[in-house]
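Here is what each chain is made of, one letter per residue.
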Amino acid sequence: MQKIVIAIDGYSSCGKSTTAKAVAAELGYAYIDTGAMYRGVTLYLLENGIAFDDLPRIEQALHEMQVSFKRNRQTGRNELCLDGKVREDEIRQMRISNSVSEVSGLPLVRHAMVRQQQQMARRRGVVMDGRDIGTTVFPDAEVKVFMTAEVLTRALRRQEELATKNEHVPVEDIVDNLQKRDHLDSTRTESPLRRASDAVLLDTTHMMIDEQVDFVLERVSAAL
Ligand code: C5P
């Protein structure tokens, strides 16, 4: 059967990755979490004391660092690795969430990540989630979904997720982080977060995961 690209973009913590992962599993496709890649770059810069405005050093760092995914055999999840080492837990921490949009707004970082994402999905058969997949990374994706949800719903979901990793954060701090990131992501000059003209809108505020997955799968059936 023909293999396609499914692009899932949208605001922070709308359930993009949970939906994308389930859709990929259902179709036997690869799942690529592009947000994890920007988080990985941010972690690398912070750990190596590289200032976010030191562009020559960042350029060099992008050549030095290796951002990749490794499948965890127990959970079946793709985990983000930096230089071959799994860093999945660290990249989800609030300190990374608080800095990632500044890093992802840098054109040189975006160019390097977009190139790698296009390369990873060159054989198609992927579900990719992020902010610019349907507009920049794969403007020719056969299925494009743009997800949104009310900010408090998103913050509560995120709070629950962080709590499972023993990070207890007040909901107001999460709302603040989501709003700041959405603003920075939507207003940057290089491939800002926006709905592609041919993306279908999915508001997940009152939806269960299964319903979100079914919604995307219906779109896939229609595209095949
Ligand atoms: O998806 P997640 O919330 O983990 O993404 C973290 C951050 O990475 C976003 O807030 C955004 O700044 C950046 N990002 C991006 N383009 C993508 C995916 C994520 O700029 N395709």
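Residues numbered from 1 in each chain as written. Predicted model: local features only at pLDDT ≥ 70, side-chain atom pairs only at ≥ 80, totals over all residues.

Asks: Explain the overall build of the chain here, please?
Replies: Summing up its helical and strand segments, the chain has 11 helices and eight strands in all. Each principal axis of the C-alpha atoms in the chain carries an extent, and together these give about 50 × 40 × 40 Å. The long-range fraction of contacts in the chain, counting pairs at least 24 apart against all pairs at least 6 apart in sequence, stands at 73%. (Helix = DSSP H or I, 4+ residues; strand = E, 2+ residues; numbered from the N terminus. Contact = placed C-beta atoms within 7 Å.)

Asks: Help me understand the site of the ligand, please; the structure alone is not making it clear to me.
Replies: Taken together, 14 residues lie around the ligand, and G35, Y38, S104, G130 and R131 are the ones closest in. Secondary-structure elements contributing two or more residues to the shell around the ligand are helix 2 (34–47), helix 6 (100–104) and helix 10 (171–187). For the shell around the ligand, the element with the most residues is helix 2, which contributes four residues. (Near = placed C-beta within 6 Å.)

Asks: Looking at this structure, I do not really get the sheet that holds strand 5 (residues 85–86). What am I missing?
Replies: Whenever strands of a sheet pair, they do so through backbone hydrogen bonds, lying parallel or antiparallel. An order of 3-4-5 is seen for the three strands of this open sheet, with the pairing classed as antiparallel. Among the strands making up the open sheet, the edge pair consists of strand 3 (67–71) and strand 5. Two elements, strand 3 and strand 4 (residues 78–82), share five bridges in a ladder whose sense is antiparallel. Of the residues in strand 4, the one forming a bridge with K70 is E79. Where helix 2 meets the sheet, its contacts fall on strand 3 and strand 4, and the angle it forms with strand 4 comes to roughly 30°. (Pairing = 2+ DSSP bridges. Axes fitted to C-alpha atoms, helices over the stretch in contact; angles between N-to-C directions.)

Asks: Explain the nonpolar core here, please?
Replies: Across soluble globular proteins, nonpolar side chains have a tendency to be buried as a group. Among the nonpolar cores identified, the biggest contains 51 residues, and V5, I6, A7, V23, V127 and M128 are the most heavily contacted of them. If we skip the residues at most four places from it in the chain, I6 touches V23, V127, A141, V143, V216 and V220. (Core = buried A, V, L, I, M, F, W, Y, C linked by C-beta atoms within 7 Å. Buried ≥ 20, exposed ≤ 12 C-beta atoms within 10 Å, placed from the backbone.)

Asks: I keep staring at the environment of R195 and nothing clicks. Help me out?
Replies: Along the chain, the position of R195 falls in the loop between helix 10 and strand 8 (200–203). Taking the C-alpha atoms as reference points, R195 and G10, 185 residues apart in sequence, are found 7.5 Å from one another.

Asks: Is there a simple way to explain the UniProt feature "binding site: ATP" (unreviewed entry) in the chain in this structure?
Replies: What UniProt calls "binding site: ATP" (unreviewed entry) maps, in this numbering, to G10, Y11, S12, S13, C14, G15, K16, S17 and T18. Secondary-structure assignment places G10 in strand 1 (residues 5–10). Take G10: there are 27 C-beta atoms within 10 Å of it, and that puts it in the buried class. Discounting chain neighbours no more than four positions away, the residues touching G10 are K16, F146, M147 and T148. You can see T18 is positioned in helix 1 (residues 16–27). Its 16 C-beta neighbours within 10 Å are what place T18 among the partly exposed residues. (UniProt positions renumbered as here; feature names shortened; annotations may be inferred.)

Asks: What am I meant to see in the sheet that holds strand 2 (residues 30–33) here?
Replies: Strand order in the open sheet formed by five strands is 2-6-1-7-8, and the pairing between neighbours is parallel. A strand with exactly one partner marks an edge of an open sheet, and here the two such strands are strand 2 and strand 8. Recorded for the sheet is a direction-independent mean angle of 20° between the axes of neighbouring strands. The strands that helix 11 (residues 209–223) touches are strand 1, strand 7 (143–148) and strand 8; relative to strand 7, the one it contacts most, it runs at about 160°.

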